[in-house]
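Read off the chains here:
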There are 2 protein chains.
Amino acid sequence: MIRYVHSFSSFGTPDRLLLGGKGADLAQMVQLGLPVPPGFTITTEACRHYLENGAEPPGLQREVSRDLALLEEQVGHRLGDIANPLLLAVRSGAATSMPGMMDTVLDIGLNDRTVVGLAAVTGDERFALDCYRRLLQMFGETVFGIPDDLFAGVLDAVKAERGVEQDLELDADAVRVVVERNKALYDQHAGRPMPQDPQEQLSLAVDAVFRSWHSDRAALYRRRNGISDDLGTAVNVQVMVFGNRGPRSGSGVAFTRDPATGDLGDYGEYLPTAQGEDVVSGVRTAVPLAHLRDIDLASYRRLRSVMGTLERHYRDMCDIEFTIEEGRLWILQTRVGKRSPAAAFRIAADLVEEGWITRDEALLRVTGEQLTQLMFPRFEAPDGRKELAVGLAASPGAAVGRVVLDSATAVEWAGRGEDVILVRKETRPEDLAGMVAAKGVLTSRGGRTSHAAVVARAMGLPCVCGAGALEIDLDKRQVSVGAGRTIAEGDVISLDGASGGVFLGARRTVDSEVVQWLEGGLRDGELISAVAGLLDHADAVRRLRIRANADTHEDAARAMRFGAEGIGLCRTEHMFLGDRRTYLQRVILAADEHERTSALAQLLRLQRGDFESLLAETDGQVTAIRLLDAPLHEFLPDLTQMAVRVALAEKRGGATRLDRRRLADAQRVHEENPMTGLRGVRLGIVHPDLVRTQALALFEAAADVRDRGGRVDLELMVPLVSTAAELEFVQTLVMEVAEDVARRRGDVDFRFGTMVETPRAALTAGQLARSAEFLSFGTNDLTQLTWGFSRDDVERSVLPRYLDAGVLRQSPFASIDVDGVGSLVKSAVEQARAVRPEIAAGVCGEHGGDPASIHFFDGIGIDYVSCSPFRIPVARLEAGRAALLHRSEPAAIGSRLQAEVGTKTDSRSVTADTTRDADTVGARR
Amino acid sequence: MIRYVHSFSSFGTPDRLLLGGKGADLAQMVQLGLPVPPGFTITTEACRHYLENGAEPPGLQREVSRDLALLEEQVGHRLGDIANPLLLAVRSGAATSMPGMMDTVLDIGLNDRTVVGLAAVTGDERFALDCYRRLLQMFGETVFGIPDDLFAGVLDAVKAERGVEQDLELDADAVRVVVERNKALYDQHAGRPMPQDPQEQLSLAVDAVFRSWHSDRAALYRRRNGISDDLGTAVNVQVMVFGNRGPRSGSGVAFTRDPATGDLGDYGEYLPTAQGEDVVSGVRTAVPLAHLRDIDLASYRRLRSVMGTLERHYRDMCDIEFTIEEGRLWILQTRVGKRSPAAAFRIAADLVEEGWITRDEALLRVTGEQLTQLMFPRFEAPDGRKELAVGLAASPGAAVGRVVLDSATAVEWAGRGEDVILVRKETRPEDLAGMVAAKGVLTSRGGRTSHAAVVARAMGLPCVCGAGALEIDLDKRQVSVGAGRTIAEGDVISLDGASGGVFLGARRTVDSEVVQWLEGGLRDGELISAVAGLLDHADAVRRLRIRANADTHEDAARAMRFGAEGIGLCRTEHMFLGDRRTYLQRVILAADEHERTSALAQLLRLQRGDFESLLAETDGQVTAIRLLDAPLHEFLPDLTQMAVRVALAEKRGGATRLDRRRLADAQRVHEENPMTGLRGVRLGIVHPDLVRTQALALFEAAADVRDRGGRVDLELMVPLVSTAAELEFVQTLVMEVAEDVARRRGDVDFRFGTMVETPRAALTAGQLARSAEFLSFGTNDLTQLTWGFSRDDVERSVLPRYLDAGVLRQSPFASIDVDGVGSLVKSAVEQARAVRPEIAAGVCGEHGGDPASIHFFDGIGIDYVSCSPFRIPVARLEAGRAALLHRSEPAAIGSRLQAEVGTKTDSRSVTADTTRDADTVGARR
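Note that the structure is predicted; figures quoted are calculated from it, not measured.

1. Points about the overall build of chain A
So, point 1. Within chain A one finds 37 helices and 31 strands.
So, point 2. Each of the three principal axes of chain A carries a C-alpha extent, and together these read 105 × 65 × 55 Å.
So, point 3. A separation of at least 24 residues holds for 68% of the contacts in chain A among residues at least 6 apart in sequence.
So, point 4. Counting every atom, chain A has about 35800 Å² of accessible surface; 49% of that belongs to carbon and sulfur.

Structural data, given as structure tokens:
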């Protein structure tokens, strides 16, 4: 027979799916012998039956009556007892926490007669009436759908009539008036009076909580957090306790360790003669938990004992809500406590030291997301300054500097020692020099994966983008920020990449200890030793190799310091930004063979130097060089700019021959969709000399390094391949050059491979594997093409709306799209290995540094991920965690990741968490 | 034991893979008892051994010697016999025909001594010396790689010395000088004299033919035609015969039916006292074959008998080359004859009538490609006019009209009865009205799948595109065509969409009978009854349903006349071209709610009318309406144009407020990659009112038609979906509207479905099938995204180079890419059917009208294809052929299709086919 009602004191391991999270935790505490106000849980199964059939399952009423009778027997007074009424709280509690999304009704059991009894037994008529007022309000909203603002209106009206401002200032008579008027609302809006029968109240409240599963806000929350609509909620019915019965009562919150730092000690707050919501709302100032020792030593000792029991049970830091009712301690709720990123590392490391958990468990207790938080500089606490503008939080960190409006100015001012913030409508590859020189980047246009955002994240540079209120006037060298205000170039601003806020003037920043340590500075401190220990353990257990995306020897050096095992992606087109653009332009737009040959010769000279310094830096670590993958529009003159320029010049009396030629060039090479135009391997097949020149530069550089005694481990890869014939074409060119160099200078070893960036490359990976010794998945482009999303365009115009409407839960550019792009990658690896079992497979691109993506890649047998230098420690950590998870529960990875995605670490201060069930801690005011 | 040499008179069915095509056909004719000059074939296996090992297989020489001895015995004279030398031809012959790609050496057996014997036995010293000259030249080139132009130089020098122009004018002494100088070339360039031993000549010639398999031109041909490099060629060694031994000799070509019309009768040509190459080169005028009856009745009768034997054997029209040597008939080659498209239909239908083949076989003997040729108007034979310009043959057919340079002019002039040709740099959707008005389209930019080409093909409108020499000057209203020549607007030009030629003035055109018949005109004639019969049979056997892409009721009406079974794709964005652009612009760029609401109201009114006339036309046939899928740039102001306009106006003293707003709008909505930007379902989610308005217009229109007694079978589909949540979002909107209309006007039945155009939609088709009642594959976009190819950009800048380099054999937009896009479609259908077994799957887009693609779709269980009205008959025919092929040989479809792709019907006149082995027909001049 199905049981729909379970007492908190039932035997057996509580089932969270059946009892919900709250119900299971309460039952758990009862089993641990902790003092929990008694009660029972109505299962999610009952809820599902109700929602499907529109009626409670048969027998539920009988079960509730039986458990209620046991409860009344246990506490010694009865629901509806006129002299000493039992009051009940009826609360929702789903398997996955949905804070504040569903309904709660407190003070069930009060009516016109029992309120008198409660007044008598507590000796506080106002308290009893206030409870009744609240019951009327919560019950009216929840059960009958009477709008909240009608009740609020009643309260406001009475306060106005009495000439007071605070609810607390209303005396018992006034509250009685509120009660009467609330009751009148029932007649008007529910067409019936407030039910006086406490049993009916309970039954109606339970059904209403069931129904609140389908409220709009709950449904929206589930859609956004990927929680199934089919689960239903459990309902917890619990005896109410009161922390405000007098000086020997009170309520508080306790943490078993400091949630901000992880330090051991008494952390938390206590408020005498108060209920839980008073602690949270701060109507009075709570005292530090340690003071409870002086106020009520016995309760303090009992609490300490409970804290110990809970931490031993959960083997983790716990967050506990408690009420003391006339010297008696009640535990209302406990859970594993939220904590700051620093505390997460400290606590995990300490618990290993203390012998409670293994290193493996400790590693699973921290996340890459937390480590990321620890790596960015940040502002000190808010200083009351108001935002000048707000944009998208595109790359975390805090930056302070003078506004500069173009890349050249940024480089110039930074050169003379100024901190600058580059402010642009949007950035383009030629802004890179300015970005490197700047402390932060602010744009008025573009989404979280715009050029500015992507590059800034890769560089660990704070960035706020898409701040639409900004209008940049390059002529006047100023920026309008809306509401008639402007800032001038040279003004100091502060940029908060974690919140998207932009502030006038300099806010104070705090440096990141972890980055100082990684860069080889700071060596001690408990946080550093916790981080170092967990990173070491991750390195010891991970299967994935970690490489870096690095285009210069400076990038490569940093990557090595941060723990990279080689370079997974060197984007050679990034070597042609800024002034060097012209070399590529001259090759592509060359008017004749002479012009082209001379441009190629210069390109050869530059690239040879680039490769030599990069290979000297990596010194035997694997270094993967990608042939040019430049979408034309990033390197060639802009059509609109040139058209305007020539039109104006013609008007003035004639454009120059050069301008006319440049306009003609721009028109000739202009592409409607450059992302899918002449780029990647296509450029190499249309201009084979580019391939030959790059290969020659690379092999000569490798020979130079080798001849000087250096070590070289080289990979050469081809971008944007769609068909095996493209790869074979380039392979032939490259092999000819390699043979030529070998004849002159001896063999230069390298592996030849391909990027997999188009869906077709993934679908035909078996064919590519006949030529390729390795596959490198470029999941940014692969995501663009698989979805048909132009990243910049869609992030700006479509994605915000999609996230808002719940069509997407996150950008597929941020975390790998398992069903689409992920399935392509998985089957590509399988097909390639069927042809060439030893083929290496890696992922480069932003996903290579994303925790959830790393777990996915580990699970499908990818050999390495390559990410920006700044993400290397995160990738090391998550690769370790992934290895542990796949070792321990290979089948459950999917749901585990889902859960993790749905509950990203909250970086806000834990005490600011207003979602706690404050109202549990008592209801008397 | 492996046998490497097979006499033509060996027993058993000739194996084409082993003997090559030519060898197998010769052996076949010997088995049929026909008079073939005797010889033997060295197998492809011997060739493969030679190519792999660099040496002939052991025993080959012995086999050749044995077969040669049998040959000498049979003909009664010997190789190297000084008195009466046997001469041999040594020819390549691969399994798949590669005309002219590999080497041939004739007249093997001549040397300084046998040439004297030949002169004596033929009584013609000059002939003998000329044969020797040719042997020296062909042998020198083929065996020793002596450059051809050196031999040509010798001949030219001697002609100059003798003061003559033609080779034939050289007398025996002069030819002897050529022979001596040719021999001298051997000493200089081969380092040895010409081998005098006929056996050595034979052996060296055979090896050289083997090696010619790997010549550059042969390798390129194979790459372009998808022939494996591993097959190798066979070598045929055959006794030479001579048609020019006197008046009782001659050579000719015979067809068993007229290759131009399919008529029965004597077709072909005969040239007395001539060798085969004289027939082809036309040095003298050949006589009609029927004259042979008067010249040599016995040979004529024998030839007629041979023609009957061959047609009965091949059960098809044959093409026969023959030589008569002193009254004796020799058959040198036969093959199933090439024929014009009209003849193909006539012959297939006649052979059914005559009882030789079944209707099924007849259907397999014709192709959609041939039917296409029959549907376009064409020019009469060349009239000596030279091309004004040449572009890409983008859409076949012949058009004559006055040049117009913009759409408005085209509409205006056409309105007053002029035939016009629209000449544009490239066309955009707003040019559609002009294209509809024009007889043809000519562009200076864009590839075969540019907007102009795609739309023109869909409309059956002749189009030449990418004629790069054209420069259009809209100010002067003229077009420069290069070399200082210009044509003015209003000049008459002729456009040949089949060749890409553009001509000044009016060429005469011939109307298509087939189109007249399909349009309901012309009813009789043998061609029409052949086409009608084969189309009927195709309809009877096909499994695929055929629908049309039609955006207007006129399109729909034509589609029905052409045999469509409904509308598979109505692109509602095409209803907003030209003037109507502004309605969509106003919705998308609306400054406030009022502006948007009023724009939506107008849109509703227009669309309701559009849908009503369309549904009235289709009258109960299924009609699939696609929600708006407009890439923004096709509907919104062009950024570059607006920027120039505003810049110039500002210079003049100030742009108007409207212009400034339009520039700001253009900047705001400008997309870097519109193909993958805000379009399709994304537009509908960002602007849900567009979806509601279209759905309302559609359901109201359907209710109107129904209420007037009409029948409605409606499908509504959503474009560019990437994830199931998008589809569900739109489904909710549409269902709300449907319920609203149902409440007011009664249920309107429709099926809800989705386009599958992104790789992700295909990869997650199982998820889409939960909402979708049908899937419609848009293979144009799916190809763009799977390859990462922006069609317009890549066709212009990349594809020509890819085809040239052999990286691609054909555009994936022309015929479905089986390995990439095809595999996505196939697995999507499987996944969707696993979730919803009854789900319908169709293909719309250009591939729906492409023969090879239709065969693929039939093979993977697609239910219908939808193509442009003009392609409907082709699709019906090919769907019938596909059904037969899949019924008869399900496993061999791939290779059959490959072969078909590699051997597209040659539409040129058969007698212009210069690839025939003319030199076989004798070698004496």
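2. Here we look at the pattern of salt bridges
So, point 1. All told, the structure shown has 119 salt bridges over all chains when counted by the stated rule.
So, point 2. In this structure, Asp112 of chain B engages Lys183 of chain B in a salt bridge whose closest nitrogen and oxygen atoms are separated by 2.7 Å. Placement of the pair is Asp112 of chain B in the loop between strand E4 (104-108) and helix H4 (114-122) and Lys183 of chain B in helix H7 (residues 172-189), with a sequence separation of 71 residues.
So, point 3. Exposure remark for Lys183 of chain B: the relative accessible area of 16% places this residue in the buried category.
So, point 4. With a closest N to O distance of 3.5 Å, Glu526 of chain B and Arg346 of chain B form a salt bridge. With a gap of 180 residues between them, Glu526 of chain B in helix H20 (residues 526-541) and Arg346 of chain B in helix H13 (residues 341-353) connect regions that are remote in the sequence.
So, point 5. One salt-bridge network, in which partners are shared between bridges, spans Arg608, Glu700, Asp704, Arg706, Asp707, Asp740, Arg744 and Arg745 of chain A.

3. Some remarks on the relation of the copies chain A and chain B
Between the two chain copies there is a screw-like relation: a rotation about an axis and a shift along it.
So, point 1. For the pair chain A and chain B, the superposition axis carries a translation of 0.1 Å, the fit reaches an RMSD of 0.3 Å, and the rotation angle comes to 180°. Between the two chains, the operation in question is that of a two-fold axis.
So, point 2. Comparing contact sets, 100% of the residues at the interface of chain A also lie at the interface in chain B, consistent with an isologous, same-surface contact.

4. Looking at the packing of aromatic side chains
So, point 1. Under the criterion given, the structure shown has 20 aromatic pairs over all chains.
So, point 2. Here Phe376 of chain A and Phe870 of chain A contribute two aromatic rings whose centre-to-centre distance is 4.9 Å and whose plane-to-plane angle is 35°, an arrangement assigned as tilted. Placement of Phe376 of chain A in the loop between helix H15 (368-375) and strand E11 (378-379) and of Phe870 of chain A in the loop between strand E31 (864-867) and helix H36 (872-888) is noted, with a sequence separation of 494 residues between them. Here the two residues Phe376 of chain A and Phe870 of chain A agree in accessibility, since each one is buried.
So, point 3. Ring plane angle 65° and centroid distance 6.1 Å describe the contact between Phe139 of chain B and Phe144 of chain B, whose orientation is recorded as edge-to-face.
So, point 4. Judged by its relative accessible area of 24%, Phe144 of chain B falls in the partly exposed class.
So, point 5. An aromatic cluster is present here, built from Phe139, Phe144 and Tyr186 of chain A joined pairwise through their rings.
So, point 6. If you follow Arg507 of chain A out to its NZ or CZ, it ends over the ring of Phe503 of chain A, 4.7 Å from the centre.
So, point 7. Across the ring face of Trp213 of chain B, the terminal group of Arg222 of chain B is positioned such that the distance to the ring centre comes to 3.8 Å.

5. Describing the UniProt feature "domain: Pyruvate phosphate dikinase AMP/ATP-binding" (unreviewed entry) in chain A
So, point 1. Under the UniProt annotation, the feature "domain: Pyruvate phosphate dikinase AMP/ATP-binding" (unreviewed entry) is placed at residues 61-285 and 294-345 of chain A.
So, point 2. Counting secondary structure, residues 294-345 of chain A comes out at 48% helix and 33% strand; the distance between its end C-alpha atoms is 33 Å.

6. As for the pairing of E31 of chain A
All names here are of chain A.
So, point 1. Burial along E31 is two-sided: Tyr864 and Ser866 facing one way and Val865 and Cys867 facing the other are all buried.
So, point 2. As defined by bridge partners, strand E24 (residues 545-549) adjoins E31 across four bridges and the pair is classed as parallel. Note on E31: the bridge partner recorded for Ile546 is Val865.
So, point 3. Judged from the three bridges that link them, strand E30 (residues 840-844) and E31 form a sheet pairing that is parallel. Looking at E31, one finds that Val843 is bridged to Val865.
So, point 4. Crossover handedness for the path E30 to helix H35 (residues 851-859) to E31: right-handed.

7. Describing the confidence of the model for chain A
All names here are of chain A.
So, point 1. Of the residues in chain A, 93% reach a pLDDT of 70 or more, and the chain-wide mean stands at 87.
So, point 2. Predicted confidence for residues 890-925 stays below pLDDT 50, and this span has 86 contacts to residues more than four positions away or in other chains.
So, point 3. Here the prediction assigns the complex a pTM of 0.78, and the interface score ipTM is 0.78.

8. A short note on the domain arrangement of chain A
So, point 1. Splitting chain A by domain gives domain 1 (250-337), domain 2 (378-510), domain 3 (541-636 + 675-877) and domain 4 (637-670).
So, point 2. Placing the centre of domain 2 of chain A and that of domain 3 of chain A at their C-alpha centroids yields a distance of 30 Å.

9. A look at the side chain of Arg547 of chain B
So, point 1. On the secondary structure map, Arg547 of chain B appears in strand E24 (residues 545-549).
So, point 2. A distance of 3.1 Å separates polar atoms of two side chains, one belonging to Arg547 of chain B and the other to Glu715 of chain B.

10. Section: the sheet that holds E24 of chain A
All names here are of chain A.
So, point 1. Strand order around the closed barrel formed by eight strands is E24-E25-E26-E27-E28-E29-E30-E31, with parallel pairing between neighbours. Put simply, the sheet's adjacent strands are angled 25° from each other on average, direction ignored.
So, point 2. Here helix H23 (residues 593-618) sits on the sheet in contact with strand E25 (567-571), strand E26 (622-626) and strand E27 (713-718), set at roughly 155° to E26.
So, point 3. Sitting on the sheet, H36 is in contact with E24 and E31, with an inclination near 160° to E24.

11. Looking at helix H21 (residues 553-561) of chain A
Residues and elements named next belong to chain A.
So, point 1. Those residues of H21 lying buried are Ala556, Ala557 and Ala559. All buried residues of H21 lie within an arc of 160° about the axis, which places them on one face of the element.
So, point 2. Elements that come into contact with the buried residues of H21 comprise E24, E25 and H23.
So, point 3. Positive backbone phi, at 105°, marks Gly563, one or two positions downstream of H21.

12. Here's the deal with the interface of chain A and chain B
So, point 1. Each side of the interface is counted separately: chain A has 57 residues, and chain B has 57 residues.
So, point 2. For the pairing of chain A and chain B, the buried interface totals around 4800 Å² over both sides, and the portion due to carbon and sulfur atoms is 58%.
So, point 3. Across the contact surface, chain A and chain B share two salt bridges.
So, point 4. The residue Asp817 of chain B makes a salt bridge to Arg760 of chain A at a minimum N-O spacing of 2.7 Å.
So, point 5. Applying the counting criterion to the chain A and chain B interface returns 25 residue pairs in polar contact (both at pLDDT 80 or more).
So, point 6. Its residues placed into classes, the side of chain A that touches chain B shows 26 nonpolar, 18 polar and 13 charged.

13. Here's the deal with unusual backbone geometry
Generally, phi is negative for residues other than glycine and the peptide bonds are trans, each holding for most cases.
Residues and elements named next belong to chain A.
So, point 1. The phi torsion at Asp107 lies on the positive side, around 65°, for a residue other than glycine.
So, point 2. You can see Asp107 is positioned in strand E4 (residues 104-108).
So, point 3. For Asp619, which is not glycine, the phi torsion reads 45° and is therefore positive.
So, point 4. Structurally, Asp619 is set in the loop between H23 and E26.

14. Details of the nonpolar core
So, point 1. Phe699 and Phe777 of chain A together with Phe699 and Phe777 of chain B are the most contacted members of the largest nonpolar core, which totals 299 residues.
So, point 2. Here Phe777 of chain A is in contact with Val756, Leu782, Val825, Ala828, Val829, Ala841, Gly842, Val843, Cys844 and Ile862 of chain A, once residues within four sequence places are set aside.
So, point 3. In terms of nonpolar packing, the next biggest core, distinct from the first, is built from 60 residues, Leu110, Leu155, Ala172 and Tyr186 of chain B among them.

15. Looking at the packing of helix H2 (residues 44-53) of chain A against helix H8 (residues 198-212) of chain A
Residues and elements named next belong to chain A.
So, point 1. Contact pair H2 / H8: the axes reach a minimum separation of 9 Å and the direction vectors enclose 80°. Relative to H8, the element H2 lies roughly perpendicular. Within the contact between the two elements, H2 uses Ala46, Cys47, Tyr50 and Leu51 and H8 uses Asp207, Phe210 and Arg211.
So, point 2. Among the residues forming the contact of H2 with H8, the class breakdown is five nonpolar, no polar and two charged.

16. Description of helix H6 (residues 148-162) of chain A
An α-helix turns once per 3.6 residues; consequently, residues spaced three or four apart project the same way.
Residues and elements named next belong to chain A.
So, point 1. Along its 15 residues, H6 runs 22 Å from first to last C-alpha, staying within 8% of the 21 Å computed at 1.5 Å per residue.
So, point 2. For H6, every residue scored as buried is listed here: Phe151, Val154, Leu155, Val158 and Lys159. Projected down its long axis, H6 shows its buried positions confined to an angular sector of 130°, all on one face. Facing away from the buried side of H6, by more than 90 degrees, are the exposed residues Asp149, Ala160 and Glu161.

17. Considering the side chain of Asp817 of chain B
So, point 1. Positionally, Asp817 of chain B belongs in the loop between helix H33 (799-805) and helix H34 (818-835).
So, point 2. Within the local environment of Asp817 of chain B, its side chain forms a polar contact with the backbone nitrogen of Gly820 of chain B, the two atoms lying 3.0 Å apart.
So, point 3. Reaching out from Asp817 of chain B, the side chain makes a polar contact with the backbone nitrogen of Val821 of chain B at a distance of 3.0 Å.
So, point 4. Residue contacts for Asp817 of chain B: discarding those within four places in its chain leaves Arg760 of chain A together with Trp787, Pro812 and Gly822 of chain B.

18. Description of the sheet that holds strand E16 (residues 440-443) of chain B
All names here are of chain B.
So, point 1. On the basis of which strands lie adjacent, the open sheet formed by eight strands has the order E12-E22-E21-E14-E15-E16-E17-E13 and mixed pairing. Edge positions in the sheet fall to strand E12 (389-390) and strand E13 (392-395), since each has one partner strand and no second.
So, point 2. Here four bridges tie strand E15 (residues 420-424) to E16, and the two strands are oriented parallel to one another. By the bridge assignment, Leu422 is partnered in E16 with Val441.

Calculation rules
- Residues numbered from 1 in each chain as written.
- Chains lettered and ligands numbered in written order.
- Predicted model: local features only at pLDDT ≥ 70, side-chain atom pairs only at ≥ 80, totals over all residues.
- Heavy atoms only, no water.
- Helix = DSSP H or I, 4+ residues; strand = E, 2+ residues; numbered from the N terminus.
- Contact = heavy atoms within 4.5 Å.
- Areas by Shrake-Rupley, 256 points an atom, 1.4 Å probe, with all protein chains shown as cover.
- Salt bridge = Lys/Arg side-chain N within 4 Å of Asp/Glu carboxyl O.
- Buried < 20%, exposed > 50% of the residue type's maximum accessible area, 1.4 Å probe, protein only.
- Least-squares fit on C-alpha atoms with pLDDT ≥ 70 in both.
- Phe/Tyr/Trp six-rings, centres within 6.5 Å; stacked < 30°, edge-to-face > 60°.
- Lys NZ or Arg CZ within 6 Å of the ring centre and 35° of its normal.
- UniProt positions renumbered as here; feature names shortened; annotations may be inferred.
- Pairing = 2+ DSSP bridges.
- Right-handed = clockwise from strand over helix to strand, strands pointing away.
- pLDDT = per-residue confidence, 0-100.
- Domains from an automatic or database assignment.
- Polar contact = N/O pair within 3.5 Å; in protein donor to acceptor, adjacent residues only side chain to side chain.
- Axes fitted to C-alpha atoms, helices over the stretch in contact; angles between N-to-C directions.
- Arc of directions from axis to C-beta.
- Buried area = accessible area lost by both parts, 1.4 Å probe.
- Nonpolar A, V, L, I, M, F, W, Y, C, P; charged D, E, K, R; others polar.
- Core = buried A, V, L, I, M, F, W, Y, C linked by side-chain atoms within 4.5 Å.
- Parallel < 35°, antiparallel > 145°, perpendicular 65-115°, else oblique.
- Expected span 1.5 Å × (residues − 1).

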